[in-house]
Amino acid sequence: MSIDTLRAQYEAFPYPARNPADEKKRLITGSPSHLDEVNHNVFGGRIDHAKPLRVLVAGGGTGDGTIMIAQQMADAGNPGRVTYLDLSDAARDIAEARARARGLSNIDFRRGSLLDLGGLLEEGEPFDYIDCCGVLHHLDEPAAGVRSLAGALKPGGGIGLMVYAPYGRTGVYPMQAALRTITADLPPKERVALARRLIERLPTSNWLLRNPFINDHKQADADLYDLLLHSCDRPFTVPELAELAAAGGLAIAALVDPHRYDPAVWVKDPRVLKRLDGLSRLERAAWAEQVTGSMTKHIAYLVRPEDAEGAVARPDGPEVVPVLRDLDGAAVAKGLPPGGVLEAELMGAVVPMPLPRLAGPILARVDGRTSLGAIHQAVAEKAGPLAWDAFLAQFAQLFTALNGVGKMYLRR
């Protein structure tokens, strides 16, 4: 696949399909690169927003990741800047229009390839954080892409990436091959039209039709093209993702969301789980991927091996500040009995999350500003004497449940 071929696709079908007018109604958020998620999984919760954060979005497309992190940095008062980089002028035009609709002035828009970052580095320092979402699996040599990104990364920084995973995309690759046979010589719009005709007439035995985790082909033309007509697309298992990171001299600091990769979330038989004792974190994650069969992608945060130990924040001291994501702690606390259970949707399954006795009183006080020390004091004043270690054990159980589904992070 040539760079020209890749660029031509996204000129014809900017991806994902976005309308800049929608910025007046909502901010699209996701992973990687949600600012609280980045802080938690790359910087140990220690981002100081008084200091400018230098961010690169490598393969920015129509702007989802760029707009999200630029808006969140602006909201946090961070004086840093986001550099958007993409091959497609059509995609960049949409991203720029979205930024204008929000009044964002902290983004520098550039055209180019993540395989050639020399010009950006000549203009300024390396980047504190790099977003590379949905790009590496479209390169002929993904390892070359990781090496290029790692070469643009500041010491102590990290990369958030998303790559496709194989098992949850069952049916995609045979359909890609079938469509390649009948559409290879057609222009992009005709390829899409013929693909839709075939999809409407597929036999019921077709694996794409039977896969409940894939529906991009039912969406906009850009989504269908990216799923089924892309010129280069290869998925990665967890071990292959670890190898890809290592090719750039990097290590996986975190896979998100953690419960996706926890065998105990999916298999409840203690005899089976006992057989996993002694496996490493990534080996257990690989086993979970094999067993669930539902992962369509992997979202990971990469850092240099020497930075891995302190990259992910831990609930280990009174100065730690818990932060909720898309969750109203006070509202949840009102209806939560002591030792209650929350349910979360995870890859098409409903996962019950048993909570500790003090989950309600703790959640009622989590506002993104109050430290664990202050929460402990407030809970103890209302509930009676409560040793720090006992409180921390209660909070750790709550944190494990909510962080496991991407609903709580930590700051320092």
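Just so you know, these numbers come straight off a predicted model, no measurement behind them. (Residues numbered from 1 in each chain as written. Predicted model: local features only at pLDDT ≥ 70, side-chain atom pairs only at ≥ 80, totals over all residues. Heavy atoms only, no water.)

Looking now at helix 8 (residues 188–200). Within an α-helix, residues lying three or four positions from one another point in the same direction, as the helix has 3.6 residues per turn. Counted at 1.5 Å a residue, the expected span for helix 8 with its 13 residues is 18 Å, and the 19 Å between its end C-alpha atoms agrees. Burial in helix 8 covers these residues: R191, V192, A195 and I199. Projected onto a plane normal to the axis of helix 8, the buried residues spread over an arc of 95° and lie on a single side. Residues of helix 8 that are exposed and point more than 90 degrees away from the buried face comprise K189 and E200. (Helix = DSSP H or I, 4+ residues; strand = E, 2+ residues; numbered from the N terminus. Expected span 1.5 Å × (residues − 1). Buried < 20%, exposed > 50% of the residue type's maximum accessible area, 1.4 Å probe, protein only. Arc of directions from axis to C-beta.)

Three or more residues of helix 1 (residues 3–12) are buried, namely L6, Q9 and Y10. For helix 1, the arc enclosing every buried residue in end-on projection is 90°, short of the 170-degree limit, so these residues lie on one face. Residues of helix 1 that are buried sit in contact with helix 4 (89–102) and helix 10 (221–228). (Contact = heavy atoms within 4.5 Å.)

Moving on, we get to the packing of aromatic side chains. Any two aromatic rings considered together are summarised by their centre-to-centre distance and by the angle between their planes. Using the criterion set out here, one finds four aromatic pairs in the structure. Positioned above the aromatic ring of F127 is the side chain of R54, whose terminal nitrogen or guanidinium carbon lies 4.2 Å from the ring centre. In this arrangement the basic side chain of R234 is found over the ring face of F236, its NZ or CZ atom lying 3.9 Å from the centre. (Phe/Tyr/Trp six-rings, centres within 6.5 Å; stacked < 30°, edge-to-face > 60°. Lys NZ or Arg CZ within 6 Å of the ring centre and 35° of its normal.)

Tracing the sequence through the fold places D48 in the loop between helix 2 (35–42) and strand 1 (54–58). Residues D48 and R411, 363 residues apart in the sequence, show an inter-C-alpha distance of 9.9 Å.

Overall, the coordinates contain 25 salt bridges when judged by the stated rule. In this structure, D221 engages R196 in a salt bridge whose closest nitrogen and oxygen atoms are separated by 3.0 Å. Separated by 25 residues along the polypeptide, D221 in helix 10 and R196 in helix 8 bring together distant segments of the chain. For E200, the salt bridge is made with R201, and the minimal N-O distance between the two is 3.4 Å. We note that E200, like R201, is exposed. Taken together, the salt bridges that share partners define one network made up of R18, D22, E23, K25, R26, D64, R98 and R102. (Salt bridge = Lys/Arg side-chain N within 4 Å of Asp/Glu carboxyl O.)

So, on to the packing of helix 3 (residues 64–76) against helix 4. At their nearest, the axes of helix 3 and helix 4 sit 9 Å apart, and the two run at 25° to each other. Taken together, the axes of helix 3 and helix 4 are roughly parallel relative to one another. Two packed elements cross with a definite hand, and for helix 3 against helix 4 that hand is right-handed. Contacts between helix 3 and helix 4 involve D64, I67 and Q71 from the first element and A95, R98, A99 and R102 from the second. (Axes fitted to C-alpha atoms, helices over the stretch in contact; angles between N-to-C directions. Parallel < 35°, antiparallel > 145°, perpendicular 65-115°, else oblique. Left-handed = near helix turned anticlockwise from the far one by under 90°.)

Here D128 is to be found in strand 4 (residues 127–133). Given the relative accessible area of 13%, D128 is considered buried. At 3.3 Å, the side chain of D128 forms a polar contact with the side chain of K154. With residues near it in sequence (within four places) discarded, D128 still touches F43, P52, L53, R54, L153, K154, G157 and G158. (Polar contact = N/O pair within 3.5 Å; in protein donor to acceptor, adjacent residues only side chain to side chain.)

Turning our eyes to something else, we now look at the sheet that holds strand 5 (residues 153–164). Across the sheet, seven strands lie side by side as 3-2-1-4-5-7-6; this open sheet has mixed pairing. Looking at the sheet topology across the chains shown, the edges are occupied by strand 3 (107–111) and strand 6 (251–256). Each strand of the sheet is rotated relative to its neighbour by a mean of 20°, with strand direction disregarded. As paired strands, strand 1 and strand 2 (residues 81–86) are joined by five bridges and run parallel to one another. Residue pairing for strand 2: A58 is matched across the bridge by L85. Sheet strands touched by helix 3: strand 1, strand 2, strand 3 and strand 4. Its angle to strand 2, the strand with the most contacts, is close to 175°. Docked against the sheet, helix 6 (residues 142–151) engages strand 1, strand 4 and strand 5, running at close to 150° with respect to strand 5. (Pairing = 2+ DSSP bridges.)

Before going further, it helps to examine the UniProt feature "domain: Methyltransferase type" (unreviewed entry) in the protein chain. UniProt annotation of "domain: Methyltransferase type" (unreviewed entry) refers to residues 58–158 when read in the numbering used here. A distance of 13 Å separates the end C-alpha atoms of residues 58–158, which is 43% helix and 25% strand. (UniProt positions renumbered as here; feature names shortened; annotations may be inferred.)

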